[in-house]
Amino acid sequence: MRIGIGYDSHRLVKGRKLIIGGVEIPFEKGLLGHSDGDVLCHAITDSIVGALGLGDIGRHFPDTDKKWKNASSTKLLSKVVELAGKKGLKVSYIDAVVIIEKPKLMPFIGKMRKCIAKTGVPVNLINIKAKTNEGMGFIGKGQGAVAQAVCLLSHMVK
Ligand code: MG
């Protein structure tokens, strides 16, 4: 088995769509990024890249590459799930947490899990949690959002 950890953060700014876990969430601000800024998909992607022992997300999807400009981050996630498969590994579990002060993510978590499952990970193997930062720091002030993820990969039985 392999284990991986992922972390990501993005600024919350006006004039961007808020996309988390592949789901568009109605809000006055969105996450700033070269891609769609999907902090959750990035943290999960990085956890899988880590478990594969292949460095980090930036190495595979550089933010200087026009190909990934405004790209849907579920696409990046699909790519690494596919990469794991090529290496004979499958995702056995993902647990993740998004920390954002506003809006409340609870109503969207089911949809996020379904959306992430489209990348090739069974929905029952994906857990997503959402928290606020109790008003503290940059998250509390609504300046940005953070996501953390761990994943477990296991060897496919031949
Ligand atoms: Mg990111």
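Please read all numbers here as calculations on a predicted model, not as lab measurements.

Caption draft 1: Just the nonpolar core, in detail. Core analysis: the biggest nonpolar cluster contains 46 residues, and Ile-20, Leu-40, Ile-44, Ile-48 and Met-112 have the highest contact counts within it. The leading source of residues in this core is helix H1 (residues 39-51), at eight residues. Residue contacts for Ile-48: discarding those within four places in its chain leaves Leu-77, Val-80, Val-81, Val-91, Cys-151 and Leu-153.

Caption draft 2: Representation of the packing of H1 against helix H3 (residues 73-86). Orientation of H1 relative to H3, taken along the N-to-C sense of each, is 15 degrees, at an axis distance of 9 Å. As summarised for this structure, H1 and H3 are arranged roughly parallel, according to the angle between their axes. For H1 against H3, the interelement crossing comes out left-handed. Here H1 contributes Cys-41, His-42, Ile-44, Thr-45, Ile-48 and Val-49 to the contact with H3, which in turn contributes Ser-73, Thr-74, Leu-76, Leu-77, Val-80 and Val-81. In terms of residue class, the contact of H1 with H3 is built from eight nonpolar, four polar and no charged.

Caption draft 3: Spatial organisation of the sheet that holds strand S4 (residues 29-31). On the basis of which strands lie adjacent, the open sheet formed by five strands has the order S4-S1-S7-S5-S6 and mixed pairing. What marks the edges here is a single partner per strand, and that holds for S4 and strand S6 (126-131). Averaged over all neighbouring strand pairs, the angle between strand axes comes to 20 degrees, with direction disregarded. Summarising the sheet, strand S5 (residues 89-99) and S6 pair through six bridges and their orientation is parallel. Bridge assignment links Asp-95 to a residue of S6, and that residue is Asn-127.

Caption draft 4: Main features of the coordination of the magnesium ion. Those donors, Asp-8 (OD), His-10 (NE2) and His-42 (ND1), are the protein atoms that reach the magnesium ion, and they lie 2.2 Å from it. In primary sequence terms, the donor set of the magnesium ion follows D-x1-H-x31-H. Residue Asp-8 is found in strand S1 (residues 2-14), and its partner His-42 is found in helix H1; the two are separated by 34 residues along the sequence. Here Asp-8 and His-42 have matching classes, each one buried.

So, how was this worked out
- Residues numbered from 1 in each chain as written.
- Predicted model: local features only at pLDDT ≥ 70, side-chain atom pairs only at ≥ 80, totals over all residues.
- Heavy atoms only, no water.
- Core = buried A, V, L, I, M, F, W, Y, C linked by side-chain atoms within 4.5 Å.
- Buried < 20%, exposed > 50% of the residue type's maximum accessible area, 1.4 Å probe, protein only.
- Helix = DSSP H or I, 4+ residues; strand = E, 2+ residues; numbered from the N terminus.
- Contact = heavy atoms within 4.5 Å.
- Axes fitted to C-alpha atoms, helices over the stretch in contact; angles between N-to-C directions.
- Parallel < 35°, antiparallel > 145°, perpendicular 65-115°, else oblique.
- Left-handed = near helix turned anticlockwise from the far one by under 90°.
- Nonpolar A, V, L, I, M, F, W, Y, C, P; charged D, E, K, R; others polar.
- Pairing = 2+ DSSP bridges.
- Donors = N, O, S within 2.8 Å, 3.2 Å for Na, K, Ca; no water.

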